[in-house]
Every structure is written in C-alpha cells, then in structure tokens.
Amino acid sequence: MAAGFTYNLTPEEVKEERYDVETGRRRRGPYKLDTENLPVGEYLPSFTPIAADLVKKTAKVAIRVEVAEKFTSGTTLRVKKKSLAYVGMHIGDGAKGATVNGINKQNANYDELTLSKDLGAAVEAGSVLYEATDVNGTNPKVVANSALYERAKVEDGIVLVALLMRAYEIEPSKLVMPFSDIDKANMPHFQFNAPDVKAQGGTVYTDATQSASGLMSAADKKKLDGVAANANKYTLPVASSSALGGIQLGFTQTGKKYPVVVDGNKAYVEVPWTDNNTTYQAANSSTLGLVKQGAAVADAGAGDIQAKLNALLASLRTAGVIAKS
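Cut-off values and rules
One numbering rule holds for all chains: residues counted from 1, following each sequence as written. Two thresholds apply to this predicted model, a pLDDT of at least 70 for residue-level local features and 80 or more for giving and counting side-chain atom pairs, whereas whole-chain, interface and lining totals are computed over all residues. As a rule here, side-chain values cover all heavy atoms of the structure and leave hydrogens and water aside. Take a side-chain nitrogen of Lys or Arg and a carboxyl oxygen of Asp or Glu: if they are within 4 Å of each other, that pair is a salt bridge. For each residue, the accessible area found with a 1.4 Å probe, counting protein chains only, is set against the maximum for its type, and the residue is called buried under 20%, exposed over 50%, and partly exposed in between. Secondary structure elements are defined from DSSP: runs of H or I of at least 4 residues count as helices, runs of E of at least 2 residues count as strands, and each element is numbered from the N terminus. Definitions used throughout: a 1 Å grid over protein atoms alone; a cavity as a set of points that fits a 1.4 Å probe which cannot get out; a pocket as an open set with protein on both sides within 12 Å along at least five of seven lines; a lining residue as one with an atom within 4 Å of a point. Grid points are joined across faces, edges and corners, and a volume is the space filled by probe spheres set on the points. Gly is put with the polar residues, along with every residue not named as nonpolar or charged; the nonpolar set is Ala, Val, Leu, Ile, Met, Phe, Trp, Tyr, Cys and Pro, and the charged set is Asp, Glu, Lys and Arg. Following DSSP output, two strands are said to pair if at least two bridges run between them. What goes into a patch is any residue over 30% in relative accessible area without a salt bridge, connected to like charges within 9 Å or, for nonpolar side chains (Val, Leu, Ile, Met, Phe, Trp, Tyr), within 5 Å. Exposure was quantified through the Shrake-Rupley algorithm and a 1.4 Å probe, taking into account, for residues, occlusion by the shown protein chains and nothing else. A 3.5 Å cut-off defines polar contacts: any pair of N or O atoms within that distance qualifies, except that in protein one atom must be a possible hydrogen donor and the other a possible acceptor, and neighbouring residues in sequence count only when both atoms are side-chain atoms. In what follows, a contact means two residues having at least one pair of non-hydrogen atoms within 4.5 Å. All axes are obtained by fitting lines to C-alpha atoms, using only the stretch in contact for helices, and the reported angles, taken between N-to-C directions, cover 0 to 180 degrees.

Draft legend 1. Expanded view of the pattern of salt bridges. Going through the model one piece at a time under the given rule, you end up with 10 salt bridges. Across the pair Arg78 and Glu69 runs a salt bridge, and its minimum N-O distance is 2.9 Å. Residue class for Arg78 comes out partly exposed when judged on its relative accessible area of 28%. With its nearest N and O atoms 2.7 Å apart, the salt bridge here joins Lys221 to Asp225. Taken as a pair, Lys221 and Asp225 lie in helix H2 (residues 218-225) at a separation of 4 residues, close to a single helical turn. Assessed through its relative accessible area of 52%, Asp225 is described here as exposed.

Right under this line is the structure:
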C-alpha cells in the first residue's frame, strides 16, 4: 500500500448459509429500491426483509429492530446492532409504540434508542418491533413479502436489487435483519426454523407463535387448562318458528299474555282460573230454569181434537213448560 493513502472500504459480507439455498427462488426482473431513510453508502445484507410491489416493481425495506435486553419501563430501549432504525421513526408491535428521538451506537454490544415515551409494558429480549405508521405502534408501515437475494449498496440515484420469493430452512439466528411475526404470517413461501439460541446448559427455545414453532408459554398453558374437556366453540341461536334455540325468561304479564316459568328444569305457564259450580232450578213463569221432557201425547184424530189438546196442555204443565194455572 502506497504511503499517504488511506482506504476506507466496507468489508465483504461474510458468506453464511442463512437458508437452504437449493430451495431459494428469485422473483423475475430487478426491483427499484426505495432508499428513503436508508444510510447512503452502507450495504443492506442479504435476506433483508422487503415489501415488494409486484406491479410497479419497487422494493421497500421493512425496517425492524430486535430487542437486545428486556425492556421494563422508561424511555431507553436497547436493540441489536446493525438495525436500520433512524431518528423520527415510529416503532411498535400492534399493542404499544413510541417514536425514536435519538440513537446511541457507542456500545459494542447494542444500540440505545431514546424513545418519545414509555412503551407502557415490558418487552422481552428477542422481540421484534416494526416500523409503525404512528406513535401508537398499532400498524406496520409496510409488511414484508420478499427477502433481499444478495447484499446491495445504498446509493444516491437508482438502486436495482434482486429479490427472493421463496426459501426454506431459514435460520433466524443467522439473519442480520430480523423479520417480525406479521412479516412471517404474510410470507407463506418462506419457512422459518425455530430459533436455535445456544446458552449454558444447552439450547434455549423461545415461545411458539402463530407463525413459528417453539415452546408453550405459561400464559397459553393457563388458558388451555381453563378449557373444559370436550368443549367446543358454540353459540346458542335464538329460538324461532323454524329453528330450535334459546329463550329468555322474565316476561311481565300483559292482559291475557302470561309469562313462562321454570320449576325443576321444567317450564310451565300459570293461567288464572276460577271454578264456578252452577246450581240450576226448575223454570217457572218468571224465572228461566230447567224443564223435563213431558209425557207423550198421541196424534189427534178426526173427532178427538179437544181431548188431545187438553192432554197436551196437561203434559206441558206437568213438565213445567207452562204454568199450572
């Protein structure tokens, strides 16, 4: 090397198999990288999470930060080095968030982010926070659907990159840029292995998520223990003229509408009822009443009309149909 010259070169990326390269599949054509908020002159490592617009052929880095030490409270968050965090960036995980007001990179083992506010809840080491749309951290700014095929230098002007659309046996512990759970759920053609973190005493496994294998957490175990045997998710429908279902007791009587009540798991309706025993008397000339059938009277002949008529009148008087006098 000639005297008086100083070379400031970024070292070549260490070639490390981060996934099964035989399963990798590239997307067609180059993609134009959106370099906004990226450090010009620096290199993006291979397998950086990318949100690709498959129609416009553009690529935007899904900026993520991995927590280096457990956060309990305050406004200082320690994250793993080489993140792409920048001042003014919002971070979150869907339930909590804050804005990055400052970054201290002096420590060799981690970077310190100064937050605009306390996150309000603990964040475990190894958790991945995404770049959010606002200070509340509810929604990610972008969601990854691809990964950077090979490292790329961020430069002023147009930067074209190649992307992966599929890869299996991905080793999270070997990735420089982490993927959040929301990224993994959006990448069905990428298969991430469970983290293989070596520690004293053997392998330490993380809790399982909806997108990554792992161990059951204490909270999930408690929830599972609270589920009764043979339980299933069932919603009782409302009873109708065409379907069996549930009803609600407590109707207040209105007119001749009476409520249903339950006694010993059996339902009934109590209708007010008064038993009246009526006593009937014999009819007379001034009062309605009962009469009995009179004696039979033969048909009148040619010369006995008066006799038959008198017999009929006598029968009616005896039956009580007409008064006797």
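Draft legend 2. Quick look at empty space enclosed by the protein. Scanning the entire structure with this criterion turns up 1 cavity of 30 Å³ or more. In this structure, the largest cavity spans a volume of roughly 50 Å³. In this structure, the largest cavity is lined by Asp34, Glu36, Asn37, Leu38, Lys60, Val61, Ile63, Tyr86, Glu131 and Lys141. In the lining of the largest cavity, the residues fall into 4 nonpolar, 1 polar and 5 charged.

Draft legend 3. Here's a closer look at the pairing of strand E2 (residues 31-34). Alternating positions in E2 separate cleanly, Tyr31 and Leu33 being buried on one face and Lys32 and Asp34 remaining unburied on the opposite face. As paired elements, E2 and strand E5 (residues 58-61) share 3 bridges and run parallel to each other. Residue pairing across strands places Leu33 opposite Ala59, the latter belonging to E5.

Draft legend 4. Highlighting a nonpolar patch on the surface. Taken together, the side chains of Ile247, Leu249, Val260, Val262, Val269 and Val271 define a hydrophobic patch exposed on the protein surface, amounting to about 510 Å² of accessible area. On the secondary structure map, Leu249 appears in the loop between H2 and strand E19 (260-263). Its relative accessible area of 45% is what places Leu249 among the partly exposed residues.

Draft legend 5. Highlighting the side chain of Asp183. Positionally, Asp183 belongs in helix H1 (residues 181-185). By relative accessible area, Asp183 is classed as buried at 0%. Engagement of the side chain of Asp183 in a polar contact is seen with the side chain of Ser180, the distance being 2.9 Å. When near neighbours in sequence (up to four residues on either side) are disregarded, Asp183 contacts Arg64, Val143 and Ala144.

Draft legend 6. Molecular detail of the sheet that holds strand E6 (residues 64-66). Here 6 strands make up an open sheet; going across it, the order is E6-E11-E8-E9-E10-E7 and the pairing antiparallel. The two strands at the open ends of the sheet, each matched to only one other strand, are E6 and strand E7 (76-79). The mean angle between the axes of side-by-side strands here comes to 40°, regardless of whether they run parallel or antiparallel.

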